[in-house]
Amino acid sequence: MNLNFKKILLTIGLLFFATQVFAVKAKIRFLFPVSSKNVIDGFDNSTIKTSEFVLAFMMPLSQHTQLDLGYSYFNARIKDPSTSSEGYSGSFRAHLLELGAGYSGFELTRTISLVFESAVRIPVSGEGELQGNETTQDATGISGMGYYFSSGVEYGNVEISLFYQRRDLSFDGLTVTRNGLSKDVALHTTEYGLAFGYTF
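Everything numeric here is computed off the predicted structure, so don't read it as measured data.

Draft legend 1. Here's a closer look at the overall build of the protein chain. What the protein chain contains, in helices and strands, is 1 helix and 9 strands. The N-to-C order of helical and strand elements in the protein chain reads α-β-β-β-β-β-β-β-β-β. Here the protein chain holds 200 residues, and 40% of them are scored as buried. Considering only residue pairs separated by 6 or more positions, the protein chain has 69% of its internal contacts joining residues 24 or more positions apart. Accessible surface computed for the protein chain: about 11,000 Å², of which carbon and sulfur atoms make up 59%.

What follows is the structure, given as structure tokens:
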């Protein structure tokens, strides 16, 4: 049993334990970035496409404060422009453990409340593949950190928020060589946008 598989099992086990011990609510969160800035070490003027899915378990600490324990799946694809002689392309996936808190104590009406959330995301496993210069490389590990902040309104089980998030992820074992110089591959992404959540 490899280390990455053990980390995934540990994450699933923690989530399962939380659902059994606490009065937990589950929340699915979909993120729609409106503005983003992506910097990929080793790549210049390259096209990157990202997507993310978040499943969180909200455990009450008080009437309006909740602890957030969740899972985030991040996916990215990058490709050099057609004018590049190296022609690098890569695909990256990360499984992150989310730890955070939310507060919903400001009521606008009987049914609508302001909600604030913040969380850190820690990668527990990931995969990366890089192709270019007639070679294929596979990542041997992943490290880094992610941050998430949001504020919005909550109506019943539905939440609409404005969010900001940042990720800094390094994929061990992946290097890009340009003009005789090698550089490790790392992703740095900053996003602003709309988040839609549903609690059940």
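Now that the structure has been shown, we can carry on.
Draft legend 2. Region of interest: the environment of Leu169. Among the structural elements, Leu169 can be located in strand β8 (residues 158-178). Sequence spacing of Leu169 and His188 is 19 residues, and the spatial spacing of their C-alpha atoms is 6.6 Å. Once residues lying within four places of it in the same chain are set aside, the contact partners of Leu169 are Phe74, Ala94, Leu96, Pro123, Ile142, Ser143, Met145, Ala186 and Leu187.

Draft legend 3. Representation of unusual backbone geometry in the model. In this model, Asn179 sits at a positive phi of 55°, which is unusual for a non-glycine residue. Within the secondary structure, Asn179 is located in the loop between β8 and β9 (181-199). On the basis of relative accessibility, which here comes to 77%, the residue Asn179 falls in the exposed class.

Draft legend 4. Structural detail: the pattern of salt bridges. Tallied over the full model, the rule gives 12 salt bridges. Note that Asp68 and Arg29 form a salt bridge whose closest N and O atoms lie 3.7 Å from each other. With Asp68 in strand β3 (residues 65-79) and Arg29 in strand β1 (residues 25-41), this pair connects stretches of sequence that are 39 residues apart. Taken as a pair, Asp68 and Arg29 share a single burial class, namely buried. Between Glu98 and Arg29 there is a salt bridge, with its nearest N and O atoms 3.5 Å apart. One end of the pair, Glu98, is in strand β4 (residues 89-107); the other, Arg29, is in strand β1, and 69 residues separate them in sequence. Overall, the relative accessible area of 0% leaves Glu98 in the buried class. One network of salt bridges, in which partners are shared, links Lys27, Arg29, Glu52, Asp68, Glu98, Glu117, Arg121, Glu159, Arg167 and Glu191.

Draft legend 5. Broad picture of the side chain of Glu98. Engagement of the side chain of Glu98 in a polar contact is seen with the side chain of Arg121, the distance being 2.8 Å. Glu98 has contacts with Arg29, Val54, Ala56, Asp68, Leu69, Gly70, Tyr71, Ala119, Val120 and Arg121, leaving out every residue within four places of it along the chain.

Draft legend 6. Focus on the confidence of the model for the protein chain. Chain-level statistics for the protein chain give a pLDDT mean of 86 and a share of 88% at 70 or above. When pLDDT is averaged over each helix and strand of the protein chain, the minimum, 56, is found for helix α1 (residues 3-21) and the maximum, 95, for strand β7 (residues 141-155).

Thresholds applied
- Residues numbered from 1 in each chain as written.
- Predicted model: local features only at pLDDT ≥ 70, side-chain atom pairs only at ≥ 80, totals over all residues.
- Heavy atoms only, no water.
- Helix = DSSP H or I, 4+ residues; strand = E, 2+ residues; numbered from the N terminus.
- Buried < 20%, exposed > 50% of the residue type's maximum accessible area, 1.4 Å probe, protein only.
- Contact = heavy atoms within 4.5 Å.
- Areas by Shrake-Rupley, 256 points an atom, 1.4 Å probe, with all protein chains shown as cover.
- Salt bridge = Lys/Arg side-chain N within 4 Å of Asp/Glu carboxyl O.
- Polar contact = N/O pair within 3.5 Å; in protein donor to acceptor, adjacent residues only side chain to side chain.
- pLDDT = per-residue confidence, 0-100.

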